[in-house]
Amino acid sequence: MKYLILLISFFLFSCDGKENMEKSSVCTEHSTVSELEKHINRDSYCKYLLGLKYYNGDNIEKDFNKAYSLIKEAAENGVIKAEIDLSRIYERGIGVEKNYTLAFEWMNKAAQDGSTEAMNNVGVYYNYGIGVTRDPQKSIEYYKKAADLGNDSAMYNLGIALFYGEEITKDEKKALFWIERSADMGNIEAITSLYSIYKLQGNTQKSMYWLNKGIDKNLPISFFNLGYEYSKGNSLLIKDDSKAFENYLKSAEMEVSFAQNNLANWYLSGYYVKKDEKEAIKWYSKAAEGNLPEAMYVLYQLYSEGTKDIPQDQEKANYWLEKAKQNGFVPPQ
């Protein structure tokens, strides 16, 4: 099973580390532009917040250059949140050229200043070799530092690294300990991963336990997984196409492309529901727009050949074939 550890989305505030400067600041994220401008020459945290205003276009015209300049100055003056966001600016090339080395340096600076969010992200950088030589062992060390300090994302990343990692780092028992700790703190990725991991291990009881945890939290992917379980049946669930369809539909309406694709397959084949090629096209299109290459390729086939209800359209067929290839789909020979 592949896994992907995603960096936390841009400009999420970190909530830990040496925050004396932030706590003592006269400014808050709710301060107006004029209030921030009044204090930027003597309060670096105000300068950082004004940089965010320019980045987001929050009651001021967006200006990435000004955002970069203000955030950089704040970072140089020791504002941890600015250090983290400056790292992301360099990583993504927002207002400046991409520079992974500087991205790593600033994230590492924030980690050394005590931010567990930054420690976790430094672990990600080491894991993937972003701006630094790849080093899975160092990656785990940084995840562990942040996890020990209570960061649930780091707990999850540490568990995943130990579960799927190289032989030198692989430890399934420790992996499950950390992923379950993360899940107990409400981490969505951890909850959904535990369903998959225990299913992979053949532990249906624990797999279904975590699946139901996901359902309790109204997680879209969990409804898809429950639909799958009902479509096949297991030692705890009797096969039930009605409930499978119900959960696929709920997941599909929550924009899960796999569920949309499964609904389309059922409508195209007439499995359980009445065959409806137009309804199939609708759901394949939604899945394709969600970047699912399998759905793109089916659209290519349907438009290329045409059916009773779907007129042949070679232009659309070629479009979806090209999109499928761009998304890594290799057409069968």
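Worth saying up front: this structure is predicted, and the values here are computed from it rather than measured.

(A) Highlighting the pattern of salt bridges. Scanning the model with the defined rule gives 12 salt bridges in all. In this structure, Glu-76 engages Lys-72 in a salt bridge whose closest nitrogen and oxygen atoms are separated by 2.5 Å. Residue Glu-76 and its partner Lys-72 are located together in helix H4 (residues 64–76), separated by four residues, close to a single helical turn. Since its relative accessible area comes to 47%, Glu-76 is described here as partly exposed.

(B) Structural detail: helix H7 (residues 116–128). For H7, built from 13 residues, the straight-helix expectation of 18 Å at 1.5 Å per residue is met to within 8% by its first-to-last C-alpha distance of 19 Å. For H7, the buried fraction is high: 12 of the 13 residues fall into the buried class. Looking only at H7, the buried set comprises Thr-116, Glu-117, Ala-118, Met-119, Asn-120, Asn-121, Val-122, Gly-123, Val-124, Tyr-125, Tyr-126 and Asn-127. Next to the buried residues of H7 lie helix H5 (80–92), helix H6 (100–112), helix H8 (136–148) and helix H9 (152–164).

(C) Looking closely at unusual backbone geometry. Its identity as a non-glycine residue notwithstanding, Asn-59 has a phi of 60°, on the positive side. With respect to the secondary-structure elements, Asn-59 resides in the loop between helix H3 (44–56) and H4. Take Asn-59: its relative accessible area is 71%, and that puts it in the exposed class. For Glu-255, which is not a glycine, the phi torsion comes out positive at approximately 75°. Inspection of the secondary structure puts Glu-255 in the loop between helix H14 (241–253) and helix H15 (257–269).

(D) The arrangement of the packing of H14 against H15 in detail. Their axes nearest at 8 Å, the elements H14 and H15 cross at an angle of 130°. Looking at the two axes, H14 sits oblique to H15. Along this stretch, H14 crosses H15, giving a crossing that reads as left-handed. Together, Asp-241, Ala-244, Phe-245, Tyr-248, Leu-249, Ser-251 and Ala-252 of H14 and Ala-259, Gln-260, Asn-262, Leu-263, Trp-266 and Tyr-267 of H15 make up the contact between the two elements. Among the residues making up the contact of H14 with H15, the classes are represented as nine nonpolar, three polar and one charged.

The rules behind these values
- Residues numbered from 1 in each chain as written.
- Predicted model: local features only at pLDDT ≥ 70, side-chain atom pairs only at ≥ 80, totals over all residues.
- Heavy atoms only, no water.
- Salt bridge = Lys/Arg side-chain N within 4 Å of Asp/Glu carboxyl O.
- Helix = DSSP H or I, 4+ residues; strand = E, 2+ residues; numbered from the N terminus.
- Buried < 20%, exposed > 50% of the residue type's maximum accessible area, 1.4 Å probe, protein only.
- Expected span 1.5 Å × (residues − 1).
- Contact = heavy atoms within 4.5 Å.
- Axes fitted to C-alpha atoms, helices over the stretch in contact; angles between N-to-C directions.
- Parallel < 35°, antiparallel > 145°, perpendicular 65-115°, else oblique.
- Left-handed = near helix turned anticlockwise from the far one by under 90°.
- Nonpolar A, V, L, I, M, F, W, Y, C, P; charged D, E, K, R; others polar.

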